[in-house]
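# A look at the structure
Now for the letters of each chain:
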Protein chains: 2
Amino acid sequence: MATPFQFEYSTNVEEMKRFVVECMTKIGTNSEYASQFADQLIYADQRGHYSHGLNRLRIYVNDIVSGTTAKAGTPKILKQKGSTAWVDGNNQLGAVVGNFCMKLAIELAKEHGIGWVVAKGSNHFGAAGFYSTQAAREGLVGMSFSSASPSTYSPRSSEVAIGNNPLSFVAEGENGDNFALDMANSAVARGKVEVALKIGKKEVPSGWGVDGHGVPTNDPEKILIGGGLLPLGCKEETGGYKGFGLCMMVDVMCGGQCFIAVDPECFADGFHPRLQQFLDETRGHKPKDPALPVLVAGDPERAHIEKSTSHGGLIYYGAQVEDLNGLAKKLGVQPCHFNQMAQLK
Amino acid sequence: MATPFQFEYSTNVEEMKRFVVECMTKIGTNSEYASQFADQLIYADQRGHYSHGLNRLRIYVNDIVSGTTAKAGTPKILKQKGSTAWVDGNNQLGAVVGNFCMKLAIELAKEHGIGWVVAKGSNHFGAAGFYSTQAAREGLVGMSFSSASPSTYSPRSSEVAIGNNPLSFVAEGENGDNFALDMANSAVARGKVEVALKIGKKEVPSGWGVDGHGVPTNDPEKILIGGGLLPLGCKEETGGYKGFGLCMMVDVMCGGQCFIAVDPECFADGFHPRLQQFLDETRGHKPKDPALPVLVAGDPERAHIEKSTSHGGLIYYGAQVEDLNGLAKKLGVQPCHFNQMAQLK
């Protein structure tokens with residue numbers, strides 16, 4: 001007999017939001033903050049970035065319960081000058097701080113052309129693109145950045161040296177199309193190595209990571225246990241020092257998190273149609289393999305949104321569903337309603 | 001008998017500047033613009049980025065002589081709002097447009113916290129770091145970006161898809177130390193492949209480039225003739241789509257060139273000592289090989305400046321000296337005076 005882990009399950013966005021909000025209010029978060037937080041998690045799962053979605057709900061819940069993340073308070077502006085602001089997130093949920101800062105950046109950009117807001121006292125804010133997209137929806141260019149926990153080696157170091165600090169850059173073309181770059185500055189996310197190990201792979205591609213001495217390895221277990229990731233570019237000879245430089249750049253910009261909005265109307269006219277043309281032309285390049293068309297940043301996520309939407313909104317594996325049901329039980333909250341889909345091959 | 005190509009030659013910055021200014025004024029550039037342009041070339045050679053220094057003088061001269069680059073005129077501000085400006089470079093030398101824009105960005109940053117200047121109608125501006133460094137010297141964070149000619153494939157494309165559009169980010173720590181990221185968004189610069197071929201290597205590392213069908217190759221000749229570079233991250237499985245995304249990001253920001261200055265005093269206090277601590281800590285990570293210490297962006301260039309300075313200012317191979325002497329003769333300008341150094345091994 002098939003176990004629940006061998007199936008996929010679907011639900012809709014409203015039901016998932018109801019569930020997340022109930023979990024968070026149950027532990028003392030106010031409903032407005034819980035709602036913002038739910039949107040952050042759902043954004044990631046809709047796009048197939050499960051490492052940044054409901055998968056992390058338990059961690060966020062624990063952080064609130066333990067007091068690591070504050071359950072009451074508001075972000076505050078510490079300094080404001082021209083296009084800039086410095087914000088103390090007052091240890092609120094990352095989504096609350098991020099939304100506060102990006103809203104401010106958008107207002108500043110509308111007034112001064114640019115809004116550049118740096119936050120301290122924030123927490124894990126999920127997918128960086130969630131915030132950049134808010135600016136893009138207003139016709140602006142949105143960027144966001146975050147420092148991350150150390151995970152990544154310098155191509156030369158024998159120890160972990162830096163976080164794989166993500167950067168995102170989102171701008172809209174026409175008819176809802178967009179360029180949506182949202183990337184960690186390691187060659188691959190840690191989640192990819194974890195998945196490889198989970199499905200029993202003995203080897204991952206060269207360049208993904210190193211063992212505990214900084215020596216490149218293909219063994220996912222050595223990378224995950226005591227080892228770490230390589231920066232974008234991998235080894236020194238293939239440009240790993242550039243990815244390491246990008247990791248450092250994000251730390252210099254943030255020392256926390258950073259949110260930028262830019263009004264493209266301050267520069268050349270016709271930004272959105274010109275961007276659309278650029279997206280169309282880039283996708284139009286002849287691929288090596290006709291089954292693998294040339295993509296622009298955001299296309300894989302767009303494909304996943306389409307797939308999820310066609311199944312009602314969100315899709316999860318059985319293991320994730322079991323975990324959420326367990327959390328519901330623990331918190332005394334009505335579980336999220338899922339529909340069982342096809343059995344996995 | 002040793003040929004001149006087997007020696008290194010040195011000169012000093014003042015003499016090289018005299019030579020470049022005489023070349024450029026001889027073909028009709030005004031002396032102020034020629035001086036700015038000389039500084040741009042010398043900046044690159046001092047740092048060992050010979051592909052962006054005097055090596056290109058002939059190309060710039062030809063562009064002025066042929067009228068591809070204008071020899072008279074001034075950059076003009078087309079739009080200005082808050083932190084932003086849009087500039088028409090009026091087809092002046094890249095150094096002239098870049099200096100104009102970064103000066104403006106610095107002024108805007110001092111007034112509004114951020115200066116964000118985009119230029120159209122510019123020309124090849126040399127090393128991006130030349131402009132970012134100007135902001136850094138004022139205690140600001142400097143960034144500059146440029147679109148480049150198509151050279152780079154998407155990890156999926158069978159044809160050249162984009163330029164390896166450089167980005168730079170420079171900020172000062174203490175006592176003149178700095179973080180100076182200045183990188184093209186390909187795995188390596190085309191110049192590295194050219195050098196490999198020139199010294200007779202039959203193979204370059206996997207990940208540097210592709211043949212004319214977009215298929216990864218180790219053959220430098222195939223990469224250079226009809227093929228091209230891979231983006232930072234190399235193949236798709238090692239994150240090449242991220243480097244490709246960065247190339248596109250720079251194009252979206254620029255459509256020409258972009259210059260940003262940020263006043264760090266608008267955010268957390270003590271930016272420069274904190275940056276210095278970050279640089280020191282990063283360099284302090286235990287290296288795999290004690291002979292190869294962990295570096296931060298700007299360190300290799302710093303080492304080259306020290307070496308050049310100890311030899312009077314600038315160091316060149318014989319082939320470069322011969323080429324410059326030939327140009328001097330052609331233009332009827334007094335050649336740059338070089339001192340012959342050691343014979344190359």
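The name given to chain A in an unreviewed UniProt entry is Malate dehydrogenase, with the source organism recorded as Acrobeloides nanus.

In this assembly, 81 residues from chain A lie in contact with 81 residues from chain B. Buried surface at the junction of chain A and chain B, summed over both partners, amounts to about 6,200 Å²; 67% is from carbon and sulfur atoms. Among the residues chain A hides against chain B, the three largest losses belong to Arg156(A), Lys242(A) and Lys288(A). Together they make up 13% of the total. Seen at the junction of chain A and chain B, the total is two salt bridges. A salt bridge links Asp269(B) to Lys79(A); its shortest N-O distance comes to 3.0 Å. The interface formed by chain A and chain B includes 31 residue pairs in polar contact (both at pLDDT 80 or more). Broken down by element, the side of chain A that touches chain B gets its largest block of residues, eleven residues, from helix α8 (residues 240-254) of chain A. Here the side of chain A that touches chain B is built from residues that sort into 46 nonpolar, 20 polar and 15 charged.

Turning next to α8(A). Residues and elements named next belong to chain A. For α8, with 15 residues, the first-to-last C-alpha span of 21 Å sits near the 21 Å given by 1.5 Å per residue. Most of α8 sits out of view: 14 of its 15 residues are buried. Looking at the residues trailing α8, positive phi occurs at Gly255, about 55 degrees.

Attention now goes to the environment of Thr25(B). Residue and element names in this part refer to chain B. For Thr25, the location among the structural elements is in helix α1 (residues 13-26). Note on Thr25: relative accessible area 32%, which makes it partly exposed. When residues no more than four places from it in sequence are discounted, the contact partners of Thr25 are Asn30, Ser31 and Ala34.

Here we come to the sheet that holds strand β13 (residues 257-262) of chain A. Strand order in this open sheet of seven strands is β2-β3-β4-β13-β5-β8-β9 (chain A), and the pairing throughout is mixed. Single-partner strands in this sheet number two, and they are β2 (76-81) and β9 (178-183) of chain A. Averaged over all pairs of adjacent strands, the angle between their axes in this sheet comes to 15 degrees, without regard to strand direction. Bridge analysis of strand β4 (residues 114-120) of chain A against β13(A) gives six bridges, and the strand direction is antiparallel. When the bridges of β13(A) are listed, Trp116(A) appears paired with Ile260(A). Strand contacts of helix α9 (residues 271-283) of chain A: β5 (141-146), β8 (167-172) and β9 of chain A, with the helix running at about 110 degrees to β8(A), the strand carrying the most contacts. The sheet strands contacting helix α8 (residues 240-254) of chain B are β8 and β9 of chain A, and the helix crosses β9(A) at an angle near 130 degrees.

The next thing to look at is the nonpolar core. Counting residues in each nonpolar core, the largest one holds 74 residues, and the members touching the most others are Trp116(A), Trp116(B) and Ile260(B). The contact partners of Ile260(B), leaving out residues within four places of it in the chain, are Trp116(A), Met102(B), Ile114(B), Gly115(B), Trp116(B), Val141(B), Gly142(B), Met143(B), Phe145(B) and Met253(B).

Turning to the environment of Lys76(B), a few remarks are in order. Residue and element names in this part refer to chain B. Along the chain, the position of Lys76 falls in strand β2 (residues 76-81). When the C-alpha positions of Lys76 and Ile59 are compared, they lie 25 Å apart, and in sequence the two are 17 residues distant. Apart from the residues lying within four places of it in its own chain, the contact partners of Lys76 are Trp86, Val87, Asp88 and Asn90.

Taken together, a rotation about one axis and a shift along it account for how the two chain copies relate. Each copy superposes on the other: chain A lies on chain B with an RMSD of 0.0 Å after a rotation of 180 degrees and an axial shift of 0.0 Å. Expressed as an axis order, the relation between the two copies is that of a two-fold axis. In terms of C-alpha distance to the rotation axis, chain A has Gly233(A) as its closest residue, with the C-alpha 2.1 Å off the axis. Interface residue correspondence from chain A to chain B reaches 100%, placing this contact among same-surface, isologous pairings.

Residue and element names in this part refer to chain A. Relative to each other, helix α3 (residues 57-66) and helix α11 (residues 318-331) sit at 25 degrees, their axes nearing to 10 Å. With respect to each other, α3 and α11 are oriented roughly parallel. Of α11, the residues touching α3 (which contributes Leu57, Arg58, Val61 and Asn62) are Asp323, Leu324, Gly326, Leu327, Lys330 and Leu331. Residue classes in the contact of α3 with α11 are distributed as five nonpolar, two polar and three charged.

It is worth spelling out unusual backbone geometry at this point. A positive phi angle, near 65 degrees, is found at Cys234(A), a position not held by glycine. Take Cys234(A): its relative accessible area is 6%, and that puts it in the buried class.

Moving on, we come to the sheet that holds strand β3 (residues 84-88) of chain B. Residues and elements named next belong to chain B. Overall, mixed pairing links the seven strands, which are arranged β2-β3-β4-β13-β5-β8-β9 in an open sheet. Unpaired on one side and paired on the other, β2 and β9 (178-183) mark the two borders of the sheet. The average angle at which neighbouring strand axes cross in this sheet is 15 degrees, direction not considered. Where strand β5 (residues 141-146) lies against strand β8 (residues 167-172), four bridges are found, and the strand directions are antiparallel. Paired with Phe145 across the bridge in β8 is Leu167.

Below, the discussion takes up the packing of helix α2 (residues 31-46) of chain A against helix α4 (residues 94-112) of chain A. All names here are of chain A. As a packed pair, α2 and α4 sit with axes 8 Å apart at the nearest point and diverge in direction by 90 degrees. Taken together, the axes of α2 and α4 are roughly perpendicular relative to one another. Residues Tyr33, Gln36, Phe37 and Gln40 of α2 form the contact with α4, whose participating residues are Gly94, Ala95, Val96 and Asn99.

Take the side chain of Asn123(B) next. All names here are of chain B. Of note, Asn123 is situated in the loop between β4 (114-120) and α5 (129-136). Among the residues examined, Asn123 registers a relative accessible area of 18% and is labelled buried. Within polar-contact distance, the side chain of Asn123 engages the side chain of Asn91 at 3.0 Å. Discounting residues that sit within four places of it in the chain, Asn123 has contacts with Thr68, Thr69, Asn91, Gln92, Leu93, Gly94 and Gln257.

Across chain A, pLDDT averages 95, with 97% of residues at or above 70. Across the interface, the model reports ipTM at 0.97; the global pTM reads 0.97.

Looking at the secondary structure, you find Gln36(B) in helix α2 (residues 31-46). Not counting residues up to four positions away in its chain, the partners in contact with Gln36(B) are Ala95(B), Val96(B), Asn99(B) and Phe130(B).

Attention now moves to the packing of aromatic side chains. Applying the stated rule across the entire model yields 19 aromatic pairs over all chains. Ring geometry for Tyr43(A) against Phe130(A): centres 5.4 Å apart, planes inclined by 65 degrees, an arrangement best described as edge-to-face. Of the two residues, Tyr43(A) is situated in helix α2 and Phe130(A) in helix α5 (residues 129-136); the sequence distance between them amounts to 87 residues. Among the residues examined, Tyr43(A) registers a relative accessible area of 10% and is labelled buried. The interplanar angle of 80 degrees and the centroid separation of 5.7 Å between the aromatic rings of Tyr131(B) and Phe259(B) together place this pair among those described as edge-to-face. Taken together, the residues span a long stretch of sequence, with Tyr131(B) in helix α5 and Phe259(B) in strand β13 (residues 257-262) at a distance of 128 residues. Three or more aromatic residues joined by ring pairs form one cluster here, namely Tyr43(A), Phe125(A), Phe130(A), Tyr131(A) and Phe259(A). Just above the ring of Tyr43(A) sits the side chain of Arg47(A); from NZ or CZ to the centre is 3.6 Å. The cationic tip of Arg56(B) hangs over the ring face of Tyr60(B); the distance from NZ or CZ to the ring centre is 5.2 Å.

Definitions and cut-offs
- Residues numbered from 1 in each chain as written.
- Chains lettered and ligands numbered in written order.
- Predicted model: local features only at pLDDT ≥ 70, side-chain atom pairs only at ≥ 80, totals over all residues.
- Heavy atoms only, no water.
- Contact = heavy atoms within 4.5 Å.
- Buried area = accessible area lost by both parts, 1.4 Å probe.
- Salt bridge = Lys/Arg side-chain N within 4 Å of Asp/Glu carboxyl O.
- Polar contact = N/O pair within 3.5 Å; in protein donor to acceptor, adjacent residues only side chain to side chain.
- Helix = DSSP H or I, 4+ residues; strand = E, 2+ residues; numbered from the N terminus.
- Nonpolar A, V, L, I, M, F, W, Y, C, P; charged D, E, K, R; others polar.
- Expected span 1.5 Å × (residues − 1).
- Buried < 20%, exposed > 50% of the residue type's maximum accessible area, 1.4 Å probe, protein only.
- Pairing = 2+ DSSP bridges.
- Axes fitted to C-alpha atoms, helices over the stretch in contact; angles between N-to-C directions.
- Core = buried A, V, L, I, M, F, W, Y, C linked by side-chain atoms within 4.5 Å.
- Least-squares fit on C-alpha atoms with pLDDT ≥ 70 in both.
- Parallel < 35°, antiparallel > 145°, perpendicular 65-115°, else oblique.
- pLDDT = per-residue confidence, 0-100.
- Phe/Tyr/Trp six-rings, centres within 6.5 Å; stacked < 30°, edge-to-face > 60°.
- Lys NZ or Arg CZ within 6 Å of the ring centre and 35° of its normal.

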